[in-house]
Amino acid sequence: MAGKFEDLRVLAIGAHPDDCEIKVGGAAALWAEQGASVKFLSLTNGDAGHHEMGGGPLARRRKRESVRAAEVLGVQETQTLDNHDGELAPDTEVRKAVVKAIRQWRADVVITCRPNDYHPDHRYTSQVVQDAAYVVRVPNYCQDVPALRKDPAFFYVSDGFTKPCPFEPVVSVDIDPVSGKKLRALHTMDSQMYEWLPWIEGCLEAVPEGDTARLAWLPTFLDGFFEKAEDFRGPLAERYGEERAARVKYSESFELCEYGHRPSRQEVWELFPF
């Protein structure tokens, strides 16, 4: 859909195929509706994220799922790096891949997880993105891809971890208008939504059969994975006003990283034009 933000370019970077979809899927759909260009990048291929299958077959399956989800959300491009799930290291090879991805996408906004996340792949994803934040503008680093002339703004997705510091949002987004789209996107990621995650949560036997029943069940299951809007009424009210904020059911909130461009509050709202 055409909008007035065709020049805005957003890159969300997760550790596994489904991280971006779960944490940024709503905002991505809203950006796409405004005409912005959005890309999802996974730093591992997800080849360990299942209780029965694994390796190459699982990696290929999860890559197909990420493509299907992107089609639902309106995300223009997805990329999955061929690093093993559970074995990501914040080394120079991965950093260069991230630098090249940020440069090639010409990102204005880069979103990733915080460095104190529970999963080692998530923590190292955050570390790699932070390490890339400065050198994206250094011409002599990764010389085969031209350096950016301006810094992107880097943001973290929300989480509930408090040590060494809790999540501090600079913007909260009402994603209720696209919550159905986000759920349909996650519905296409069946290896995770209806197999692996229910298995690891101990409720695989509760997963119903058939698309209609599964779509009805999915919001209840994902309640523990989604951000709770009631925890972000303050920033939601600051953006939308008290009346609308009180009605929000689903939100996605973002914390500004200290590296890269440091936008003002008004600039942040312009980068999240919802």
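That block above? That's the structure.
Scope of this entry: the structure provided in the associated data block.

Reading the values: rules and limits
- Residues numbered from 1 in each chain as written.
- Predicted model: local features only at pLDDT ≥ 70, side-chain atom pairs only at ≥ 80, totals over all residues.
- Heavy atoms only, no water.
- Helix = DSSP H or I, 4+ residues; strand = E, 2+ residues; numbered from the N terminus.
- Rg over C-alpha atoms; globule rule 2.2 N^0.38 Å.
- Buried < 20%, exposed > 50% of the residue type's maximum accessible area, 1.4 Å probe, protein only.
- Areas by Shrake-Rupley, 256 points an atom, 1.4 Å probe, with all protein chains shown as cover.
- Lys, Arg positive; Asp, Glu negative; His and termini not counted.
- Charge placed at Lys NZ, Arg CZ, Asp CG, Glu CD.
- Disulfide = S-S within 2.5 Å.
- 1 Å grid on protein atoms, 1.4 Å probe; cavity = no way out; pocket = protein on both sides within 12 Å on 5 of 7 lines; lining within 4 Å.
- Points joined across faces, edges and corners; volume = space filled by probe spheres on them.
- Nonpolar A, V, L, I, M, F, W, Y, C, P; charged D, E, K, R; others polar.
- Polar contact = N/O pair within 3.5 Å; in protein donor to acceptor, adjacent residues only side chain to side chain.
- Contact = heavy atoms within 4.5 Å.
- Expected span 1.5 Å × (residues − 1).
- Arc of directions from axis to C-beta.
- Pairing = 2+ DSSP bridges.
- Axes fitted to C-alpha atoms, helices over the stretch in contact; angles between N-to-C directions.
- Salt bridge = Lys/Arg side-chain N within 4 Å of Asp/Glu carboxyl O.

Notes on the overall build of the chain
Then, number 1: When helices and strands are tallied, the chain shows 10 helices and seven strands.
Then, number 2: Relative to a compact globule of 274 residues, whose C-alpha radius of gyration would be 19 Å, the chain shows 18 Å and is just as compact.
Then, number 3: Counting across all 274 residues of the chain, residues that qualify as buried make up 55%.
Then, number 4: In the form shown here, the chain has an accessible surface area of approximately 12,600 Å², with 49% of it arising from carbon and sulfur atoms.
Then, number 5: Charged side chains in the chain number 33 positive and 44 negative. The centres of these two groups are separated by 4 Å.

Observations concerning the state of the cysteines
Then, number 1: Under the counting rule described, the total for this entry stands at zero disulfides.
Then, number 2: No disulfide involves Cys-165; its sulfur sits 11 Å from that of Cys-257, the nearest cysteine.
Then, number 3: For Cys-165, a relative accessible area of 36% translates into the label partly exposed.

Some remarks on the layout of surface pockets
Then, number 1: Taken as a whole, the largest pocket spans an internal volume of roughly 980 Å³.
Then, number 2: Taken together, 42 residues form the lining of the largest pocket, with Asp-19, Asp-117, Tyr-118, His-122 and Phe-225 sitting closest to its centre.
Then, number 3: Top element by residues in the lining of the largest pocket is helix α1 (residues 19–33). It accounts for five residues.
Then, number 4: Looking at the lining of the largest pocket, its residues break down into 19 nonpolar, 11 polar and 12 charged.
Then, number 5: Taken as a whole, the second largest pocket spans an internal volume of roughly 270 Å³.
Then, number 6: For the second largest pocket, the lining is made up of 15 residues, of which Pro-115, Tyr-156, Cys-165, Glu-255 and Glu-258 are closest to its centre.
Then, number 7: Looking at the lining of the second largest pocket residue by residue, the class counts come to nine nonpolar, two polar and four charged.

Some thoughts on the side chain of Thr-44
Then, number 1: Positionally, Thr-44 belongs in the loop between β2 (37–42) and α2 (55–73).
Then, number 2: With a relative accessible area of 0%, Thr-44 lands in the buried category.
Then, number 3: A polar atom in the side chain of Thr-44 sits 3.4 Å from the backbone nitrogen of Gly-46.
Then, number 4: Setting aside anything within four residues of it in sequence, one finds Thr-44 in contact with Ala-15, His-16, Pro-17, Thr-80, Leu-81, Asn-83, His-84, Asp-85, Leu-88 and Asp-121.

Details of helix α7 (residues 211–222)
Then, number 1: For α7, which comprises 12 residues, the first-to-last C-alpha distance of 16 Å matches the rise-based estimate of 16 Å (1.5 Å per residue) to within 8%.
Then, number 2: Along α7, the residues classified as buried are Arg-214, Trp-217, Leu-218, Phe-221 and Leu-222. For α7, the angular spread of buried residues about the axis comes to 125°, placing them on one side. Facing away from the buried side of α7, by more than 90 degrees, are the exposed residues Thr-212, Ala-216 and Thr-220.
Then, number 3: Contact partners of the buried residues in α7: α5 (179–187) and α6 (190–200).

Some points on the sheet that holds strand β3 (residues 77–80)
Then, number 1: The seven strands lie next to each other as β3-β2-β1-β4-β5-β7-β6, forming an open sheet whose pairing is mixed. The open sheet terminates on both sides in strands that have one partner only, identified here as β3 and β6 (171–174). On average, each strand axis in the sheet is inclined to that of its neighbour by 25°, with strand direction left out of account.
Then, number 2: Where strand β1 (residues 9–14) and β2 come together, six bridges link them in parallel fashion. Opposite Ala-12, over in β2, you have Phe-40 as the bridge partner.
Then, number 3: Its contacts with the sheet put α2 on β2 and β3, and the angle it makes with β3 is roughly 160°.

Considerations on the pattern of salt bridges
Then, number 1: The tally for this structure, following the rule as stated, stands at 17 salt bridges.
Then, number 2: The partner of Glu-252 in a salt bridge is Lys-182, with the nearest N and O atoms 2.6 Å apart. Of this pair, Glu-252 sits in strand β7 (residues 251–260) while Lys-182 sits in helix α5, and the two are 70 residues apart along the sequence.
Then, number 3: By relative accessible area, which is 4% here, Lys-182 ends up buried.
Then, number 4: Notably, a salt bridge pairs Glu-243 with Arg-247, separated by 3.7 Å at the nearest N-O pair. With Glu-243 and Arg-247 both in helix α9 (residues 242–247), this residue pair falls four residues apart, about one helical turn.
Then, number 5: The exposure class of Glu-243 is exposed, given its relative accessible area of 63%.
Then, number 6: Assessed through its relative accessible area of 57%, Arg-247 is described here as exposed.
Then, number 7: Each of Arg-61, Glu-65, Arg-68, Asp-190 and Glu-195 takes part in one network of salt bridges that share partners.

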